[in-house]
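# Understanding the architecture of this molecule
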Amino acid sequence: MELIILDQHGAHERILYERLSENPRDEAIPLLSPIVARLPEDLAPEVSNFEVELQALGFRFEPFGEGALRISEVPGTVTDPETALLAALHALAGGEDLAKALACKG
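This write-up is about the structure you can find in this document. (Residues numbered from 1 in each chain as written. Predicted model: local features only at pLDDT ≥ 70, side-chain atom pairs only at ≥ 80, totals over all residues. Heavy atoms only, no water.)

### Re the overall build of the protein chain
On a plain count of helices and strands, the protein chain comes out with five helices and three strands. Starting at the N terminus, the α and β elements of the protein chain follow one another as α-β-α-α-β-β-α-α. Classification of the 106 residues of the protein chain by burial places 33% in the buried group. Taking the contacts inside the protein chain whose residues are at least 6 apart along the sequence as the reference set, 67% of them involve residues at least 24 apart. (Helix = DSSP H or I, 4+ residues; strand = E, 2+ residues; numbered from the N terminus. Buried < 20%, exposed > 50% of the residue type's maximum accessible area, 1.4 Å probe, protein only. Contact = heavy atoms within 4.5 Å.)

What follows is the structure, given as structure tokens:
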């Protein structure tokens, strides 16, 4: 007899990572209710620099006051829109692994 212990969260992240590594672009899924995301001061200016990339990933948003975005659509793999958008923006701005950031924080 053999006992196998599996970390479901880690396994799910790995599956998402491999899927996003192959193709980070995803279909935009409308949110039932838009979410307002507050941007850290260091990331707020980066939104305009990476707007095209974020939209290609499946994020749809618009400015919503000073330092905030109103998120209306997200990639199909996202369960936490604000965290995922901030993780993607942080990864793009810092030259980090985008698939890893979205798999972990999305």
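Having seen the structure, we can now continue with the description.
### Observations concerning the nonpolar core
In this structure, Leu54, Phe59, Phe61, Leu85 and Leu89 are the most contacted members of the largest nonpolar core, which totals 20 residues. Of all elements in the fold, only α3 (51-57), β3 (68-75) and α4 (81-94) reach the threshold of two or more residues within this core. For this core, the leading source of residues is α4, giving six residues. Other than its neighbours up to four places away in sequence, leucine 85 contacts Leu54, Phe59, Phe61, Leu69 and Ile71. (Core = buried A, V, L, I, M, F, W, Y, C linked by side-chain atoms within 4.5 Å.)

### Section: the pairing of strand β2 (residues 60-63)
Here is the key point about a regular strand: its side chains alternate between the two faces of the sheet. Note: β2 against β3, four bridges, orientation antiparallel. The partner of arginine 60 across the bridge, within β3, is glutamate 73. Between the antiparallel neighbours β2 and β3 lie four residues, among them glycine 65 with a positive phi of about 85 degrees. (Pairing = 2+ DSSP bridges.)

### Some points on the pattern of salt bridges
Under the counting rule described, the total for this entry stands at one salt bridge. The partner of glutamate 62 in a salt bridge is arginine 70, with the nearest N and O atoms 2.7 Å apart. (Salt bridge = Lys/Arg side-chain N within 4 Å of Asp/Glu carboxyl O.)

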